[in-house]
Amino acid sequence: MIETGFLNRRFRTTESFQLTEWNQLTDNDRTMLLTVADVGDIYGLFISLSPGSTTQIIAGRESALIFLHCKDYFHLPNFVLSQPYGKYENLVAELVLNDILALQYQETYISGSKAAPLIFGSEWLERQSSPGKLSLLSANAIRYCFHLKNETVKSLGNKLYTFNVIPMDKSHEKYLSSVSAVSDFLFTHFPENNTLSDNWTLNRERRYWFSWSRNKSIPQQKYGETVNTYKLYLIPMPEATASLFNIAVPVLTRSGAGSFKIGQTMNGLLRPDKMVAYFENRDDLLLAANELEALCANTPAHGVPFTTQFDKNGLISFGIDFQASRKQGYSWRTWITDMLASIILQAKMENLEIDLLLEYIKVRLFIANVDISNWSYIDNEGGPDLQEKF
């Protein structure tokens, strides 16, 4: 919760970013922006002035107007201050935490991670008790990546995304040495072949995945058409993947799932997100997850970081892909891990202590409507805004 009265503080722009208007952008930047947002909502880009930085942040019309106003005045414009609490707090907080604006503290102005206590007050240091297995796994991934050196946003995001991949060893070569070996492992003793062939179509053009789509579309429920996709992760240890697959296919067939996939290579089954099913609404996903939890209680879990844990062991979890994120090529976890990579690198640059890192991430992602206590989306209006780094 952002402090009441936060918007009444004094603000100024920093020297970390320049605002570049749409017509002054390169053709490549304009092309990129056209793929992620309505051009009528975009003023341009905030472009980092830090040596060696390639950070660019989309500047919407309101963000740009606030920035330009604060270059001349040390208070926010009236269109912001005249609105009720909750209208502009998140937008202004994001500008401060991204080091685009700074707010006054005593005789100076501060921004970035140093400003978090002034924005969030006592909530800045509230601790989450009894985190689940996947929350602990996610925290370990963040701490590990904090200690890495010479990383970029892209490379660090990839390390966060692939955290908890199981190293390959001789024991896996018996059944995972090739695509055909994985196929034999999964399907040779699979009793549900008729269920697959009668209800699902194998997509033979997918690389790295065995992927199926339902033969007939699922009738729309009362929820109607939705812009988001809900993802159910089923993540056993590699040796238990075939048995879980046998259990999962009938459940998914009875459920509202529209498609599902499973890794088709050794690397695919050693990665944490080795099996994923896709749903049009959250309730259908939860019904399937509940049935699978009862059937898979003794299945050893692998676990996917940065997903919402469903069962006590971390075998079953879920996430959501937003329409806006899919336009940018983001899945739920890539959206999360890219944000985390930017925040971690900022925290390192600002010499934030590791003991405060998770607290800083908590408040930064709160603005993006993500609750890191269980890595779930705090549903607001159907998806994240586009104030994202790319």
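About the thresholds
Residues numbered from 1 in each chain as written. Predicted model: local features only at pLDDT ≥ 70, side-chain atom pairs only at ≥ 80, totals over all residues. Heavy atoms only, no water. Helix = DSSP H or I, 4+ residues; strand = E, 2+ residues; numbered from the N terminus. Buried < 20%, exposed > 50% of the residue type's maximum accessible area, 1.4 Å probe, protein only. Contact = heavy atoms within 4.5 Å. Areas by Shrake-Rupley, 256 points an atom, 1.4 Å probe, with all protein chains shown as cover. Pairing = 2+ DSSP bridges. Axes fitted to C-alpha atoms, helices over the stretch in contact; angles between N-to-C directions. Expected span 1.5 Å × (residues − 1). Phe/Tyr/Trp six-rings, centres within 6.5 Å; stacked < 30°, edge-to-face > 60°. Lys NZ or Arg CZ within 6 Å of the ring centre and 35° of its normal. Parallel < 35°, antiparallel > 145°, perpendicular 65-115°, else oblique. Left-handed = near helix turned anticlockwise from the far one by under 90°. Nonpolar A, V, L, I, M, F, W, Y, C, P; charged D, E, K, R; others polar.

Asks: Even after reading the chapter, I still don't get the overall build of the protein, so can you show me in this structure?
Replies: When helices and strands are counted, the protein shows 16 helices and 15 strands. Burial status across the protein gives 53% buried among its 390 residues. Considering only intrachain contacts with a sequence separation of at least 6, the fraction spanning at least 24 residues in the protein is 71%. Element-wise, carbon and sulfur atoms account for 49% of the exposed surface of the protein, whose accessible area totals about 19100 Å².

Asks: How should I be thinking about the sheet that holds strand β1 (residues 11-13) in this particular structure?
Replies: Pairing between the strands of a sheet is mediated by backbone hydrogen bonds and can be parallel or antiparallel. Across the sheet, which stays open at both edges, the three strands sit in the order β1-β5-β6 with antiparallel pairing between neighbours. The sheet is open, and its two edges are formed by β1 and β6 (108-110), each paired on a single side. With strand direction ignored, the average angle separating the axes of adjacent strands in the sheet is 40 degrees. Sheet topology note: the strand β5 (residues 101-105)/β6 ladder contains three bridges and is antiparallel. By the bridge assignment for β6, Tyr105 is matched with Thr108. Its contacts with the sheet place helix α2 (residues 61-72) against β1 and β5, and it is angled at close to 100 degrees to β1. With respect to the sheet, helix α4 (residues 89-97) is in contact with β1, β5 and β6, its orientation differing from that of β5 by roughly 90 degrees.

Asks: I'm lost on the sheet that holds strand β2 (residues 17-21) in this one. Help?
Replies: Spatial strand order, β2-β3-β4: three strands in an open sheet with antiparallel pairing. Only two strands of the sheet have a single partner each, and these edge strands are β2 and β4 (56-60). Strand-to-strand twist of the sheet, defined as the mean angle between neighbouring strand axes without regard to direction, takes the value 30 degrees.

Asks: So what exactly am I meant to see when it comes to the pairing of strand β8 (residues 209-214) here?
Replies: In the case of a regular strand, side chains alternate between the two sheet surfaces. For β8, a buried count of five out of six residues is recorded, marking the element as mostly surrounded by other parts of the structure. By the bridge criterion, five bridges tie β8 to strand β10 (residues 257-263) in an arrangement that is antiparallel. Across the sheet, Trp212 pairs through a bridge with Phe260, a residue of β10.

Asks: How should I be thinking about the pairing of strand β11 (residues 275-279) in this particular structure?
Replies: Along β11, five of the five residues are buried, which leaves the element largely enclosed by surrounding structure. Residues Met275, Ala277 and Phe279 point to one face of β11 and Val276 and Tyr278 to the other, with burial holding for every one of them. Of the pairings in the sheet, the one linking strand β9 (residues 229-234) to β11 comprises four bridges and is antiparallel in character. Each bridged residue has a counterpart across the sheet, and for Lys231 the counterpart in β11 is Tyr278. Summarising the sheet, β10 and β11 pair through five bridges and their orientation is antiparallel. The residue of β11 that forms the bridge with Ala257 is Phe279.

Asks: I'm lost on helix α6 (residues 133-146) in this one. Help?
Replies: Working note: α-helix, 3.6 residues per turn, so residues spaced by three or four point in the same direction. Taking 1.5 Å of rise per residue, 14 residues should cover 20 Å, and α6 covers 20 Å from first to last C-alpha, within 8% of that figure. Residues of α6 that are buried include every one of Leu134, Ser135, Leu137, Ser138, Ala139, Ala141, Ile142, Cys145 and Phe146, and no others. Buried residues belonging to α6 abut α7 (153-161), β12 (308-309), β13 (316-321), α15 (332-349) and α16 (354-367).

Asks: Would you mind going over the packing of aromatic side chains with me for this structure?
Replies: Here a ring pair, both rings aromatic, is described through the centre-centre distance and the interplanar angle of the planes. Here the structure, examined in full by the defined rule, presents 19 aromatic pairs. Considering the side-chain rings of Tyr144 and Phe163, the 5.9 Å spacing of their centres and the 40 degrees angle between planes classify their relative orientation as tilted. With a gap of 19 residues between them, Tyr144 in helix α6 and Phe163 in the loop between α7 and α8 (170-176) connect regions that are remote in the sequence. Take Tyr144: its relative accessible area is 41%, and that puts it in the partly exposed class. Through a chain of ring-to-ring contacts, the aromatic side chains of Phe187, Trp200, Phe210, Trp212, Phe245 and Phe260 assemble into a single cluster. Its guanidinium or amino end placed over the ring of Tyr88, Lys87 lies 5.7 Å from that ring's centre, counting from NZ or CZ.

Asks: Help me understand the packing of α2 against α4 in this model?
Replies: When two helices pack together, their arrangement is given by the angle between the helix axes and by the axis-to-axis distance. Running from amino to carboxyl end, α2 crosses α4 at an angle of 60 degrees, the nearest separation of the two axes being 11 Å. Between α2 and α4, the angle falls in the class oblique. Crossing of α2 over α4 shows right-handed handedness. When α2 is examined against α4, the residues Glu62, Ser63 and Ile66 are found in contact with a partner set consisting of Leu91, Val92 and Leu95. The class makeup of the residues in the contact of α2 with α4 is four nonpolar, one polar and one charged.

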